[in-house]
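# Observations on chain architecture
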Amino acid sequence: MHQLWIIVIKEIKIAIREKLVLILASTIVMLIAVALYAGYLSYQQQRSIIVKTKAEKRQEWLNQGDKHPHIAAHYGTFVFKPKTALSSFDFGLDAYNGTSIYLEAHYQHEFMFRPAQDHSSMIRFGELSSALVLKVLVPLLIIFLTFTSYTQERESGTLKLLVSQGIALSRITWGKILAYCSIMTVILSPFFLGMLLLSTISVQQESIPDMTTRATLMILLYGVYLFLFIAFSVWVSQRSSSGRNALLTLLSCWMLLVILMPKTVANLSESFYSLPSMREFKATIEKDKIDGIDGKQPRSEYLAKLRKQYLEKYEVDSVQQLPFNYEGVSMQAGEEYGNTIYDHHMDKLQKIFESQNQLVSISSMFNPFLSVQNLSMALAGTDMYTFKHFEDVVEKYRRELVRRMNRDMAENSKYGDFYGYEAGIDLWQEIEDFSYRTPTAQEVLRNYRVELTSLLLWMSLIIWLIIGFKGNIKPIDG
Amino acid sequence: MDSTTQTLIRYEWKTFVRNRFQLLMLAVTFLFGLYAIYYGKSEINGQRETIKAVQALEQEEFSSYKATFTEEMETLEQEQKHDIASLPAYAWYRHGYHAILPPHDYAALAIGQRDLFRYYYRLTGMSLYYQLFENELANPVNLMVGNLDLSFVLVYLIPLLIIAFCYGLYSFDKENGTLVLLQIQSVSIQKVTLVRLAFYFVLITGLALLISIIGLISSGNPFQIENGAPAFAWLIAVVVYCVFWFGLLFFIVSFRQSSSFNAITAASCWLLLLIVVPAILNVVVTTKYPLSSTTLAGLTRRTGLENEENDEEAKEVILEFLAHKPELKGSDSLFKQNLLAKAYAALTSLKDINSQNLVDQYNAQVAKRNTWTSDFQWLSPAVSMQDVLAHIAETDLVTFMYFQDALAEFHEEITDFYFTRLFWERPILLEDYQAIPVFNISEANGQWTIVTGGLIKISLIAGIVFLLGFINTNRWSKA
């Protein structure tokens, strides 16, 4: 053990002597600080606007005055996507998902306003977030720090001396890896601390219930990721004949894993599973809402059957004789009919999205960067799954709102007398204000099994390479 | 070309062809280029297909209207259809017109924001803002990752090639011990370095131009009038951008540091210009000009009259609207026929009039962001290059904002067409279909100033780094 520590300390000393590394390291720390600050600022800005607008819309709903419940259902309300505190760490899909949605009867609207639309094409270079720094830039710093770790010893002949003293090669490797890990820990410690602090401070009014768990997992995730990079780089250095070669190999790997592969995979998924256009998507839904899916059971037929059922059940001749306003019932039935159609088409659309994203998941087996990207977004609550969950909650809320309006109409109004009945604030208050809690980290992560497996496999692979791999080592004096 | 230069080139060629790794990199970049062209084309062709499908839907809609004027009325459905076709009270909010922003041929090479913005709208006489904000279906994950189009290959990958080929121009000789051999030749090291730099410049810029030409020819005919200038500008941009990177490498090499140092520095520059600078600019602009679409969300609400059976309310709304549109006044039957239809037409138009301000403010903020970022583009020639390419291909924000303005005009034409008929109680006749509004968007010219400006910025920076490198290498012989 003693030897190991000597190696660790020596490596750290050497690294600190390197001016370029110091400059890069301080740049990284600064970038993270800027990223966190900017992330937090934009979180604050967006959150305060959303909270304010949300309250306004709630007041609008409550104070809409007395009117027929169905008109209120059309008046509807708005839901805004809450910004999570963890999103200031990883923006994820926030810029590319719509932020607000209008809820009304009969129609499912889609989320509107993708924030990236308010930018020039420069936004496609990406926004500075700490996640970007950690998953894209820090690996490069690691490469710069470690590529000479073996080659230098080899070129200067010290490796020979070390080995001749009877130290196992794997122990030297571990010493180096540990040294770099400690350096990285020191560089990133302010960030990790900040992360934990952030997660404990703003727990109130948050849509994420388990901030601390998520923050801890996030730190763990990036810890594993950076360890992988360190170990891999040291291993490459060990296998390379010269520092130059090690650097070139590592840079090519970085380029491939971080820049090229994610884009290629996403593009391929787009080519394999193509999406319909919104116009066609909507047109099919509208058509099916009249004719039924595949022309089976058109809407009119369905409603006629329902009418007959009600007449038979209550043993009356006309709907006017029913003890409630049948219009409310048929309105709700029409609503549910429409929902079935919508769900059918939405499921199909979601399948396409899922297939596209699955391709990325599978590719993460070959690329730990992709795993980390997905897992990091998942933990920050800015991933596709959380958004989908949010969409589902919103749609459920809409349906409940419309259902309550229709029920009130059935119970209280008279058949054929649309303007004769007006509901008031009592009914509006029955509808609870919309609120959203994300699923727990555990639930979210269940959707990312492939990514988790990929990280585990990569971890084992790297450790195996360092400990167990007995392939040819380059001649010690190169 | 003197004989020493020729010799130098000959030897450089020999070293180049012997290095398998370098050849492989060239081949890979070339293949990526081809794939990028293919991918961009398939994306844009997909959009063209959608446009066709959408136009077909419109054609179908309008020919079904026209048909009702000539065919025998037999069923109730036919009569309803004829009402929609001929009565402005139904037609104004049912007839849908498509406003389309067709892709420029070269949009396939620089997709820009084209996957993010709507490029077609179906507009009726209803409130414009009710129809304006719906998004196109897209997978947000793929939007975030972005497109691997030719502009990506040129902006991201070509510089890497340049780095990989040039970072060791001087240091390799030093490290391999051949430097001394070079020093005893009659030709100066500065010249040797410059010739080699020129050699790789021709090689890599040649490759970039080759891929570009393949892209330009396969995505559209560059000899067509509307493609000629863009194609030319594209090629110029490629050359200028390559000059910049070679200049930068020359500057880095001129410090005579080790290969590893050069490689690290060059890679850091790449990182700085392609990732760090734009990422910082983006996050700064987001926080400096905060924008929340929540303010616009309210516009998408469909509002109705409080009580459709209350004539007074309807009249009030109509009068309020007519104050803005006096030319629609004057019909004797203003309040006698189609009161409800008129009231709704008035209501939705009033909504547009009243929200105009809000939308303008929002768009002004977006424009401010855009100006701010373009003011800082000189910080990164890569950002300028991307911007130049997107403007050549007409896929940048400016084009879409221009499209939005055109949409507003078109919407006004539509409402004028129907509202004059609605308020003056004139039915729509078959011959009126000859004169229905047609969307057209005139050629935006603003982009050429941006393109030229961007190119000048890149050239200037290229000139500076090259000059600095030159000054530095001048000192070599003295040392």
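In this text, all values refer to a predicted model and were calculated from it rather than measured experimentally.

For the rest of this paragraph, the subject is the overall build of chain B. In terms of regular secondary structure, chain B is built from 18 helices and two strands. On C-alpha atoms alone, chain B measures out to a radius of gyration of 30 Å, which is more than a quarter above the 23 Å that the 2.2 N^0.38 rule sets for 479 residues. Here the C-alpha coordinates of chain B stretch approximately 105 × 45 × 35 Å along the principal axes. For chain B, the proportion of its 479 residues judged to be buried stands at 56%. Here the analysis covers contacts within chain B between residues at least 6 apart in sequence; of these, 84% occur between residues at least 24 apart. Accessible surface, chain B: about 20500 Å² in total, of which carbon and sulfur atoms supply 60%. In chain B, 33 side chains carry a positive charge and 46 a negative one; their mean positions are 16 Å apart.

Next up on the list: the state of the cysteines. Residue and element names in this part refer to chain B. Summed over the entire model, instances satisfying the criterion amount to zero disulfides over all chains. Looking at Cys166, it has no disulfide partner, and the nearest cysteine sulfur is the one in Cys242, 11 Å off. By relative accessible area, Cys242 is classed as buried at 1%.

To continue, consider the interface of chain B and chain A. Listed per partner, the contact involves 90 residues of chain B and 89 residues of chain A. Overall, the association of chain B and chain A removes approximately 8200 Å² of surface from exposure, summing both partners, and the carbon and sulfur fraction of that is 64%. Scanning the region where chain B abuts chain A turns up three salt bridges. The partner of Arg124 of chain A in a salt bridge is Asp115 of chain B, with the nearest N and O atoms 2.9 Å apart. Between chain B and chain A we count 36 residue pairs in polar contact (both at pLDDT 80 or more) in total. Broken down by class, the residue content of the side of chain B that touches chain A amounts to 51 nonpolar, 26 polar and 13 charged.

This paragraph deals with the pattern of salt bridges. Across all of its chains, the model carries 29 salt bridges over all chains by this definition. Across the salt bridge formed by Lys388 of chain A and Asp392 of chain A, the nearest N and O atoms sit 2.6 Å from each other. In this pair, Lys388 of chain A and Asp392 of chain A both sit in helix H14 (residues 384-412), four residues apart, roughly one turn of the helix. Residue class for Asp392 of chain A comes out partly exposed when judged on its relative accessible area of 40%. For the salt bridge of Lys191 of chain B with Asp2 of chain B, the shortest nitrogen-to-oxygen distance reads 3.0 Å. Here Asp2 of chain B lies in the segment before helix H1 (3-18) and Lys191 of chain B lies in helix H10 (residues 189-219), a separation of 189 residues in the sequence. A residue is classified by how much of its surface remains accessible, and Asp2 of chain B, at 37% relative accessible area, is partly exposed.

Before going further, it helps to spend a moment on empty space enclosed by the protein. Summed over the entire model, instances satisfying the criterion amount to eight cavities of 30 Å³ or more. Lining the largest cavity are 34 residues, with Arg124, Phe125 and Gly126 of chain A together with Met144 and Val145 of chain B sitting closest to its centre. Listing elements by their share of the lining of the largest cavity, those giving two or more residues are helix H4 (130-146), helix H9 (243-272) and helix H13 (368-380) of chain A together with helix H6 (140-145), helix H7 (150-166) and helix H12 (259-288) of chain B. With four residues, the single largest contributor to the lining of the largest cavity is H9 of chain A. Along the lines of polarity and charge, the residues of the lining of the largest cavity split into 18 nonpolar, ten polar and six charged.

Residue and element names in this part refer to chain A. The end-to-end C-alpha separation of H4 is 22 Å, in line with the 24 Å expected for 17 residues at 1.5 Å each. The largest bend along H4 reaches roughly 40° and is located at Leu137, with the proline Pro139 sitting one to four residues downstream. Along H4, 17 of the 17 residues are buried, which leaves the element largely enclosed by surrounding structure.

All names here are of chain A. Inspection of the secondary structure puts Ser242 in the loop between helix H8 (211-239) and H9. For Ser242, a relative accessible area of 19% puts it in the buried group. When residues no more than four places from it in sequence are discounted, the contact partners of Ser242 are Thr151 and Glu155.

Glancing now at the nonpolar core. If you look at the biggest cluster of nonpolar residues, it comprises 176 residues, and the most contacted ones within it are Trp254 of chain A together with Phe165, Trp234, Trp245, Trp270, Leu274 and Ile275 of chain B. Beyond its immediate sequence surroundings of up to four residues, Trp245 of chain B is in contact with Pro159, Ile162, Ile163, Cys269, Trp270, Leu273 and Leu274 of chain B. Within the second largest apolar cluster, 88 residues are counted, among which are Leu93 of chain A together with Leu305, Ala341 and Ala343 of chain B.

We now examine the confidence of the model for chain B. Within chain B, residue pLDDT values average 86, and 99% of them lie at 70 or more. Under the prediction, the complex receives an ipTM of 0.86, its pTM being 0.88.

In this description, a pair of aromatic rings is defined by centroid distance and the angle of the planes. Using the criterion set out here, one finds 58 aromatic pairs over all chains in the structure. On the basis of an interplanar angle of 80° and a centroid distance of 5.9 Å, the ring pair of Tyr310 of chain A and Phe324 of chain A is categorised as edge-to-face. Separated by 14 residues along the polypeptide, Tyr310 of chain A in helix H11 (residues 299-314) and Phe324 of chain A in the loop between H11 and helix H12 (326-363) bring together distant segments of the chain. The class for Tyr310 of chain A is partly exposed, based on a relative accessible area of 22%. With a centroid separation of 6.0 Å and an interplanar angle of 90°, the aromatic rings of Phe321 of chain B and Phe419 of chain B are classed as edge-to-face.

Our focus in this paragraph is a nonpolar patch on the surface. Residue and element names in this part refer to chain B. Among the surface-exposed residues, Leu31, Leu34, Leu210 and Ile214 lie close enough to one another that they form a single nonpolar patch of about 320 Å² accessible area. When residues of the nonpolar patch are traced back to their parent elements, those giving at least two are helix H2 (20-70) and H10. Assessed through its relative accessible area of 53%, Leu31 is described here as exposed.

Residue and element names in this part refer to chain B. Looking at the secondary structure, you find Ile158 in helix H7. Separated by 129 residues in the primary sequence, Ile158 and Thr29 place their C-alpha atoms 7.7 Å from one another. Sequence-distant contacts of Ile158, that is, excluding residues within four places in its chain, are made with Thr29, Val153, Ile204, Ala208 and Cys242.

We note that Glu315 of chain A has phi near 50°; this positive angle belongs to a residue other than glycine. Examined against the element boundaries, Glu315 of chain A turns out to sit in the loop between H11 and H12. Judged by relative accessible area, which is 70%, Glu315 of chain A ranks as exposed. Residue Glu425 of chain B is not a glycine yet carries a positive backbone phi of 55°. Assignment of secondary structure puts Glu425 of chain B in the loop between helix H17 (397-423) and helix H18 (447-478).

Turning our attention to the layout of surface pockets. One simple way to see leftover space: roll a probe sized like a water molecule over the atoms. All names here are of chain B. Here the second largest pocket is characterised by a volume of approximately 910 Å³. In terms of residue count, the dominant contributor to the lining of the second largest pocket is H1 (seven residues). Grouping the amino acids of the lining of the second largest pocket by side-chain chemistry returns 16 nonpolar, eleven polar and four charged.

Residues and elements named next belong to chain B. Summarising the element assignment, Asp352 is placed in helix H15 (residues 339-375). Taking the C-alpha atoms as reference points, Asp352 and Ala367, 15 residues apart in sequence, are found 21 Å from one another. In contact with Asp352, not counting residues within four places along its chain, are Ser127, Leu128, Tyr129 and His411.

Right, let's get into the packing of H12 of chain A against H14 of chain A. All names here are of chain A. Between H12 and H14, whose axes approach to 10 Å, the crossing angle comes to 175°. Accordingly, the angle class assigned to the pair H12 and H14 is roughly antiparallel. Packed against H12, whose contacting residues are Glu327, Gly328, Val329, Met331, Gln332, Glu335, Asn339, Tyr342, Asp343, Gln350, Phe353 and Asn357, the element H14 presents Met384, Lys388, Glu391, Glu395, Arg398, Arg399, Val402, Arg403, Asn406, Met409 and Ala410 at the interface. When grouped by side-chain class, the residues that make up the contact of H12 with H14 number eight nonpolar, six polar and nine charged.

A few words on the packing of H2 of chain B against H10 of chain B. Residue and element names in this part refer to chain B. Closest axis-to-axis distance for the H2/H10 pair is 10 Å, and the angle between their directions is 20°. Classified by the angle between their axes, H2 and H10 sit roughly parallel to one another. The hand of the H2/H10 crossing is right-handed. Two secondary-structure elements touch here, H2 through Gln22, Leu26, Thr29, Phe30, Gly33, Leu34, Ile37 and Lys41 and H10 through Tyr200, Leu203, Leu207, Leu210, Ile211, Ile214, Gly215, Ser218 and Ser219. Among the residues forming the contact of H2 with H10, the class breakdown is ten nonpolar, six polar and one charged.

What counts and how
Each residue is numbered by its place in its chain's sequence as written, counting from 1. The order in which chains are written sets their letters, starting at A; the order in which ligands are written sets their numbers, starting at 1. Local features in this predicted model are restricted to residues of pLDDT 70 or higher, and side-chain atom pairs are both shown and tallied only at a pLDDT of 80 or more, whereas totals for entire chains, interfaces and linings draw on every residue. The basis for every side-chain value is the complete set of heavy atoms in the structure, and neither hydrogens nor water enter the calculation. Every helix listed is a DSSP run of H or I at least four residues long, and every strand listed is a run of E at least two residues long, numbered separately from the N terminus. For the radius of gyration, the atom set is restricted to C-alpha positions; the globular benchmark scales as 2.2 Å times the number of residues to the power 0.38. For every residue, the accessible area (1.4 Å probe, protein chains only) is compared with the maximum for its type, and the residue is labelled buried under 20%, exposed over 50%, or partly exposed between those bounds. Working rule for contacts: check all heavy atoms of both residues, and any pair within 4.5 Å makes them a contact. Method for areas: the Shrake-Rupley scheme with a 1.4 Å probe, in which residue coverage is limited to the protein chains shown. The positive count covers Lys and Arg only, the negative count covers Asp and Glu only, and His and the chain ends enter neither. Every charge is mapped onto a representative atom, which is NZ of Lys, CZ of Arg, CG of Asp or CD of Glu. In what follows, a disulfide is any cysteine sulfur pair within 2.5 Å. In this description, buried area is defined as the sum, over both parts, of the accessible area (probe of 1.4 Å) that is lost when the two are combined. Salt bridge criterion: a side-chain nitrogen from Lys or Arg within 4 Å of a carboxyl oxygen from Asp or Glu. Here a polar contact is recorded for every N or O atom pair within 3.5 Å, except that within protein the pair must consist of a potential hydrogen donor and a potential acceptor, and residues adjacent in sequence are included only if both atoms are side-chain atoms. Residues are grouped as follows: Ala, Val, Leu, Ile, Met, Phe, Trp, Tyr, Cys and Pro are nonpolar; Asp, Glu, Lys and Arg are charged; all remaining types, including Gly, are polar. Think of a 1 Å grid over the protein atoms and nothing else: a 1.4 Å probe that fits but is trapped marks a cavity, an open set flanked by protein within 12 Å on at least five of seven lines marks a pocket, and residues with an atom within 4 Å of a point count as lining. Grid points are joined across faces, edges and corners, and a volume is the space filled by probe spheres set on the points. By definition here, a helix of n residues has an expected span of 1.5 Å times n minus one. The term bend refers to the angle at a residue between two fitted axes, each drawn through seven residues, those ending there and those starting there. The set of buried Ala, Val, Leu, Ile, Met, Phe, Trp, Tyr and Cys residues whose side-chain atoms join them within 4.5 Å is what this entry labels a nonpolar core. Per residue, pLDDT captures the predictor's confidence, and it can take any value from 0 to 100. Classification of ring pairs uses Phe, Tyr and Trp, with its six-membered ring standing for Trp, and accepts pairs whose centres are within 6.5 Å; under 30 degrees between planes counts as stacked, over 60 as edge-to-face, and the remaining range as tilted. What makes a patch is a set of residues exposed beyond 30% relative accessible area and free of salt bridges, joined within 9 Å when like-charged and within 5 Å when nonpolar (Val, Leu, Ile, Met, Phe, Trp, Tyr). Note on geometry: axes are C-alpha line fits, over the in-contact stretch for helices, and angles between N-to-C directions span 0 to 180 degrees. For classification purposes, angles smaller than 35 degrees are called roughly parallel, those larger than 145 roughly antiparallel, those between 65 and 115 roughly perpendicular, and all remaining angles oblique. By definition, turning the near helix anticlockwise from the far helix through less than a right angle yields a left-handed crossing, and turning it clockwise yields a right-handed one.

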